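Take a look at the letters that make up each chain.
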Amino acid sequence: MAIPDFQSIMLPFLIQVSDEQEHRHRDTIEILAEHFILTDEELDEKLPSGRQAIFDNRVGWARTYLMKAGLLEYPRRGYCKITTKGRDVLKSNPSIINISFLRQFPEFLEFHTAKNNSDQKSDEQPLHSEQRTPGENLEYS
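Every value quoted in this text rests on a predicted model; they were computed, and no experiment measured them.

Cut-offs used in this document
Residues numbered from 1 in each chain as written. Predicted model: local features only at pLDDT ≥ 70, side-chain atom pairs only at ≥ 80, totals over all residues. Heavy atoms only, no water. Pairing = 2+ DSSP bridges. Helix = DSSP H or I, 4+ residues; strand = E, 2+ residues; numbered from the N terminus. Buried < 20%, exposed > 50% of the residue type's maximum accessible area, 1.4 Å probe, protein only. Arc of directions from axis to C-beta. Contact = heavy atoms within 4.5 Å. Phe/Tyr/Trp six-rings, centres within 6.5 Å; stacked < 30°, edge-to-face > 60°. Lys NZ or Arg CZ within 6 Å of the ring centre and 35° of its normal.

K.L.:
Can you explain the sheet that holds strand β3 (residues 79–82)? Please cite residues and give values.
P.N.:
Judged by pairing direction, the sheet is antiparallel, and its three strands sit side by side in the order β1-β3-β2 without closing on themselves. Edge positions in the open sheet fall to β1 (23–24) and β2 (72–73), since each of these has one partner strand only.

K.L.:
Outline the environment of Tyr65, supporting the account with residue identities and numerical values.
P.N.:
For Tyr65, the position within the fold is in helix α4 (residues 54–68). You can call Tyr65 buried: its relative accessible area is 1%.

K.L.:
Lay out helix α2 (residues 25–35) in plain terms, naming residues and giving numbers.
P.N.:
What α2 keeps buried is the set His25, Thr28, Ile29, Leu32 and Ala33. Down the axis of α2, the smallest arc covering the buried residues is 135 degrees, so these residues share one side. Buried residues in α2 make contact with α1 (6–16), β1, α3 (40–44) and α4. Downstream of α2 by a residue or two, Ile37 has a phi angle that is positive, lying close to 50 degrees.

K.L.:
Break down the packing of aromatic side chains for me, with residues and values.
P.N.:
The final tally for this structure, using the stated rule, is seven aromatic pairs. Ring centres of Trp61 and Tyr65 lie 6.3 Å apart, and the angle between their planes is 75 degrees; on these two criteria the pair is classed as edge-to-face. Of this pair, Trp61 and Tyr65 are both found in helix α4, four residues apart, which corresponds to roughly one turn of the helix. Judged by its relative accessible area of 24%, Trp61 is partly exposed. Measuring from ring centre to ring centre gives 5.3 Å for Tyr65 and Phe111, while their planes differ by 90 degrees; the resulting arrangement is edge-to-face. Taken as a pair, Tyr65 in helix α4 and Phe111 in helix α7 (residues 106–118) lie far apart in primary sequence, 46 residues in all. Of the two residues, Tyr65 and Phe111, neither departs from the other in class, the shared state being buried. An aromatic cluster is built from Phe6, Trp61, Tyr65, Phe108 and Phe111, whose rings are joined through pairwise contacts. The ring of Tyr79 carries Arg76 above its face, with NZ or CZ at 3.8 Å from the centroid.

If you want it as structure tokens, here you go:
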């Protein structure tokens, strides 16, 4: 299996933290890696800068997008917790959570509109820009 894009990680991430407990980011990455059946080689694959694993980066961006939509909160550094809104989303049994889905939340729209207005264009675009994380877009620029 290839490393999933950050949008494909959003729903499994939210399900993983649905127990209303605080979850350490590193533990969530490990559980999601098992969920996606990633190999050690895939988990070791780095961004072009060589400073961060691609999967870790994508999980981080999925977490950020979920937080910006108000589905997660950061109770303390390195930890996240599902919000009431996040629980309500899961109760609706969505088949997917992606950028299009998150656009229903005004706080996400504000974040995403501001981010898109400040993004720089890249000549090299091996993936559609919404499939890449913002960090990956910068790395490939």
